[in-house]
Amino acid sequence: MGRKVDVDDLVGAAEIADRLGIKRPHLIHDWRRRHPEFPQPVVELKGTLIWLWPEVDRWATATGRRPNSSD
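What comes next concerns the included structure. Here the structure is a predicted model, which is why all the values come from computation and not from measurement.

## Remarks on helix α2 (residues 26-34)
Since the α-helix turns once every 3.6 residues, residues separated by three or four places project in the same direction. Of the positions making up α2, those classed as buried are Leu27, Ile28 and Trp31. Projected down its long axis, α2 carries its buried residues within an arc of 105 degrees, all on one side. Where α2 is buried, its residues contact α1 (13-20), β3 (48-52) and α3 (53-62).

In structure tokens, the structure reads:
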């Protein structure tokens, strides 16, 4: 059995960008490629990557990528 997650915690690149105040969602994929510590997606559905927001939020906080911080 897989792990249980709150569906409200599931986010794609567009939702991550919105929550972090980033105008270009493709930047999330750049981070994923450039930063090996970026959280792994929990699932990939036909090329769409889905992450858990708490994991991404922890990474964004630890690396200073919060709203109004430089990118």
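## With respect to the sheet that holds strand β1 (residues 10-11)
On the basis of which strands lie adjacent, the open sheet formed by three strands has the order β1-β3-β2 and antiparallel pairing. One side of each edge strand has no neighbouring strand; the edge strands of this open sheet are β1 and β2 (43-45). Pairing between β1 and β3: two bridges, direction antiparallel. Within β3, the residue paired with valine 11 across the bridge is tryptophan 51. Its contacts with the sheet put α3 on β1 and β3, and the angle it makes with β3 is roughly 75 degrees.

Analysis parameters
Residues numbered from 1 in each chain as written. Predicted model: local features only at pLDDT ≥ 70, side-chain atom pairs only at ≥ 80, totals over all residues. Heavy atoms only, no water. Buried < 20%, exposed > 50% of the residue type's maximum accessible area, 1.4 Å probe, protein only. Helix = DSSP H or I, 4+ residues; strand = E, 2+ residues; numbered from the N terminus. Arc of directions from axis to C-beta. Contact = heavy atoms within 4.5 Å. Pairing = 2+ DSSP bridges. Axes fitted to C-alpha atoms, helices over the stretch in contact; angles between N-to-C directions.

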